[in-house]
Each structure stands twice: as C-alpha cells, then as structure tokens.
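Chain residues, written in single-letter form:
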Amino acid sequence: LRAGVPAVVTPVFTDQWDHAYLVDQLGVGVGFFKTQFQQIPPKKLADAISKCNSTDIQMKAAALGERLRAETGAEAALQVIEQFWCDQVQTGALEKAVDERLAKLEMKSGCCRRKRNGHSQKAVHPEPQADNFLK
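Residues numbered from 1 in each chain as written. Predicted model: local features only at pLDDT ≥ 70, side-chain atom pairs only at ≥ 80, totals over all residues. Heavy atoms only, no water.

Q: Even after reading the chapter, I still don't get the overall build of the chain, so can you show me in this structure?
A: Assigned secondary structure in the chain consists of five helices and four strands. Listing each helix as α and each strand as β along the chain from the N terminus yields β-α-β-α-α-α-α-β-β. Within the chain, counting contacts between residues at least 6 apart in sequence, those at least 24 apart form 39% of the total. Put simply, the chain shows about 10,000 Å² of open surface, and 56% of that area lies on carbon and sulfur atoms. (Helix = DSSP H or I, 4+ residues; strand = E, 2+ residues; numbered from the N terminus. Contact = heavy atoms within 4.5 Å. Areas by Shrake-Rupley, 256 points an atom, 1.4 Å probe, with all protein chains shown as cover.)

The following block contains the structure:
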C-alpha cells in the first residue's frame, strides 16, 4: 500500500484476512477476505488482477500511498499507544471491557480455570473463526 500501487490480497493465515478486508474496503485493490488462497479459482484471481488496472483503484492506491509515505510511522504509532494508555489503561476502561467480554464468553462455555486478581476464574477459549474481525 505504501508503494501506491493496487494490491490483490489472498490470505493464508493470521492478519492477512484483516489486510484483505482493508484493501477491499479502501478500494485500493481486491481483497479475498472471505476465501483462503488455496480456494480461489484461477478465473477469480485473474479478474482481481484485471480489476486493479481500473483508473479508480489506481488513483485511490496512489493517493493512499502518498499519504502513507508522508506519515512518520514510529511517531504515529507512539501517539496511538500513548492515547490508548491514557484513555483505556490508566482509566481502567480496558480492564472493565476485558472483564465484561470474559463474563459474556464464560456464559457460553469454558474449558479451564485461571487466576485473575487472586481468584480462580474460568478462562474461555472459543473456536477461532476466519470472519471474527468483521464483527
């Protein structure tokens, strides 16, 4: 994306699903965020590459690339981390959100116990789903 050229993202694992979704939503390429690479038919892959030749996608990719190259990544990351620390960690909002999420998950299922604040609580390990990031 930083290069300013359209991308075709064919996820295999981990954060590639997020990248595929992001590329698709930004209109800077084609992201197969619902289909793993091995399951993409050659025709769909060829169509995705052809779609990246469109003027609209090329212009959006070029504009995003320009914006990303102008950004100082380390400074931007530091600002986001500092803001998160101040807004979420120091205020206790993060701990509250985690506790609420764990309580919701524990109502559905639980597989083991873990220690939290000196108390035994269920730790929940839900089945991973490829589209969890869409929620």
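On we go.
Q: Sorry, what's going on with the packing of aromatic side chains here?
A: Describing an aromatic ring pair means giving the distance of the ring centres and the angle of the ring planes. If you walk through the whole model with that rule in mind, you get one aromatic pair. Ring centres of Tyr-21 and Phe-33 lie 5.1 Å apart, and the angle between their planes is 90°; on these two criteria the pair is classed as edge-to-face. Of the two residues, Tyr-21 sits in helix α1 (residues 16–26) while Phe-33 sits in the loop between β2 (29–31) and α2 (42–51), which places them 12 residues apart along the sequence. (Phe/Tyr/Trp six-rings, centres within 6.5 Å; stacked < 30°, edge-to-face > 60°.)

Q: Mind showing me how you'd approach the pattern of salt bridges here?
A: A side chain of one charge can pair with a side chain of the opposite charge if their charged atoms are brought near each other. Under the counting rule described, the total for this entry stands at three salt bridges. The salt bridge partner of Lys-60 is Asp-56, with a shortest N-O separation of 3.5 Å. Of this pair, Lys-60 and Asp-56 are both found in helix α3 (residues 55–70), four residues apart, which corresponds to roughly one turn of the helix. Residue Lys-60 is classed as partly exposed on the basis of its relative accessible area of 38%. Accessibility expressed as a relative area gives 46% for Asp-56, which makes it partly exposed. In this structure, Lys-96 engages Glu-100 in a salt bridge whose closest nitrogen and oxygen atoms are separated by 3.9 Å. Of this pair, Lys-96 and Glu-100 are both found in helix α5 (residues 93–108), four residues apart, which corresponds to roughly one turn of the helix. (Salt bridge = Lys/Arg side-chain N within 4 Å of Asp/Glu carboxyl O. Buried < 20%, exposed > 50% of the residue type's maximum accessible area, 1.4 Å probe, protein only.)

Q: What should I look at first to understand the confidence of the model for the chain in this one?
A: Detailed reading of the predicted model is not advised wherever pLDDT is low. Of the residues in the chain, 79% reach a pLDDT of 70 or more, and the chain-wide mean stands at 85. Note on residues 122–135: pLDDT under 50 across the span, and 23 contacts to partners over four residues away in sequence or across chains. (pLDDT = per-residue confidence, 0-100.)

Q: Is there a simple way to think about a nonpolar patch on the surface in this case?
A: On the surface, Leu-1, Leu-22 and Leu-26 cluster together into a nonpolar patch covering about 230 Å² of accessible area. Relative to the elements of secondary structure, Leu-22 occurs in helix α1. (Patch = residues over 30% accessible without salt bridge, like charges linked within 9 Å, V, L, I, M, F, W, Y side chains within 5 Å.)

Q: Can you help me understand the nonpolar core in this one?
A: Burial of nonpolar side chains together is a common tendency in soluble globular proteins. By size, the foremost hydrophobic cluster in this structure holds eight residues: Ala-7, Val-9, Ala-20, Val-23, Val-28, Phe-33, Ala-61 and Leu-64. In this structure Ala-61 touches Leu-1, Gly-4, Val-5, Pro-6 and Val-28, once residues within four positions along its chain are discounted. (Core = buried A, V, L, I, M, F, W, Y, C linked by side-chain atoms within 4.5 Å.)

Q: What is the right way to read unusual backbone geometry from this model?
A: Where the residue is not glycine, phi is negative for most of them; where a peptide bond is considered, it is trans in most cases. For Thr-14, which is not glycine, the phi torsion reads 45° and is therefore positive. Positionally, Thr-14 belongs in the loop between β1 (7–9) and α1.

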